[in-house]
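Observations on the three-dimensional arrangement
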Amino acid sequence: MPGRDRTCGRPQPTEGPPTRLTGSADGALELVRTQEILRRHLPPAPAEVIDIGGGTGVHARWLTADGYRVHLIGLVAQHVEVAAATGSTAEIGDARALTAPDESYDVALVLGPLYHLLERTDRQRALAEAHRVVRPGGLVAASAIGRYASLFEHTATTLPSDAAPFEAALTAARLAEPYPEWLSSASHMLAVGRV
Ligand SMILES: C[S@@+](CC[C@H](N)C(=O)[O-])C[C@H]1O[C@@H](n2cnc3c(N)ncnc32)[C@H](O)[C@@H]1O
């Protein structure tokens, strides 16, 4: 059916521009796994979801189609504009200082900001904010990436055939690592916790 993606066994709306999760095979896999895991834990719809760092609304889109009331927070005005067309509401905002009142949502998604925030204290603030805005008994779902995920992903998809920059970066990363044998290309990890 045009405009539909059946990769996860049920129709997924694919309207809107291609994103990280719809424009590549590993992105599609991440989307399907995120949906599977979240659907296992989400309260029944309708429930109120704040999608913090929701980008152009890739998750807001299917959550809205599933009957959830989604409010998306994004840093980039153009993303927020696209997201607002998914059927959710959207505003420009920072994961570290949400405008939402305490205990105002059933679910907080933090699928992205943590690996854009390089300082540990910023990541802690973002997680504390997600926790603050969720009602007791609600859910916080946060994603992280492995230390080397960007290096591998961008090398696989964008670097030219000259491997020297990759080798140099990898060597530096290995030397900085206390346990180099733990080197992993693992990309996204999703943690779901109840408040
Ligand atoms: C890799 S994208 C993920 C988008 C979407 N949640 C997903 O899973 O595909 C990371 C998103 O986090 C946003 N972001 C980064 N730092 C943020 C911050 N401090 N507050 C809010 N959003 C932030 C970026 O603008 C971007 O849209």
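Residues numbered from 1 in each chain as written. Predicted model: local features only at pLDDT ≥ 70, side-chain atom pairs only at ≥ 80, totals over all residues. Heavy atoms only, no water.

1. Description of the overall build of the chain
- When helices and strands are tallied, the chain shows 6 helices and 8 strands.
- Written out in order from the N terminus, the α and β elements of the chain read β-β-α-β-α-β-α-β-β-α-β-α-α-β.
- Here the chain holds 195 residues, and the buried ones make up 36% of them.
- Sequence separation of 24 or more characterises 64% of the internal contacts of the chain that already satisfy a separation of 6 or more.
- Looking at the chain as shown, the accessible area adds up to about 10,800 Å², and 57% of this sits on carbon and sulfur atoms. (Helix = DSSP H or I, 4+ residues; strand = E, 2+ residues; numbered from the N terminus. Buried < 20%, exposed > 50% of the residue type's maximum accessible area, 1.4 Å probe, protein only. Contact = heavy atoms within 4.5 Å. Areas by Shrake-Rupley, 256 points an atom, 1.4 Å probe, with all protein chains shown as cover.)

2. Things to note about the site of the ligand
- In the vicinity of the ligand there are 18 residues, among which Arg-20, Gly-53, Asp-94, Ala-95 and Leu-111 approach most closely.
- Measuring from an oxygen atom of the ligand, one finds a side-chain N or O atom of His-59 at 3.4 Å.
- Between Ala-95 and the ligand, the recorded distance is 2.8 Å, taken from a backbone N or O atom to a nitrogen atom.
- The protein chains hide 89% of the 590 Å² of surface that the ligand would expose on its own.
- For the shell around the ligand, the class distribution of residues is 8 nonpolar, 8 polar and 2 charged. (Near = heavy atom within 4 Å. Polar contact = N/O pair within 3.5 Å; in protein donor to acceptor, adjacent residues only side chain to side chain. Nonpolar A, V, L, I, M, F, W, Y, C, P; charged D, E, K, R; others polar.)

3. Overview of the confidence of the model for the chain
- Residues with a pLDDT of 70 or more make up 73% of the chain, whose mean pLDDT is 82.
- Taken together, the stretch residues 1–15 has pLDDT below 50 and engages in 26 contacts with residues farther than four places along the chain or on a different chain. (pLDDT = per-residue confidence, 0-100.)

4. Thoughts on helix 2 (residues 58–65)
- Taking burial as the measure, the 8 residues of helix 2 include 6 buried ones, the bulk of the element.
- Within the sequence span of helix 2, burial applies to Val-58, His-59, Ala-60, Arg-61, Trp-62 and Leu-63.
- After helix 2 finishes, the residue Gly-67 shows a positive phi value of roughly 105°.

5. Remarks on the sheet that holds strand 6 (residues 105–110)
- Strand order in this open sheet of 6 strands is 5-4-3-6-7-8, and the pairing throughout is mixed. Two strands lie at the open edges of the sheet, namely strand 5 (89–92) and strand 8 (188–194), each paired on one side alone. Across the sheet, the axes of successive neighbouring strands diverge by a mean angle of 15°, strand direction being ignored.
- Strand direction decides the pairing type here: strand 6 and strand 7 (residues 134–145), joined by 5 bridges, are parallel. Paired with Ala-108 across the bridge in strand 7 is Val-140.
- In the packing of helix 4 (residues 120–133) onto the sheet, the strands contacted are strand 3 (48–52), strand 6 and strand 7, and the crossing angle to strand 7 comes to about 150°. (Pairing = 2+ DSSP bridges. Axes fitted to C-alpha atoms, helices over the stretch in contact; angles between N-to-C directions.)

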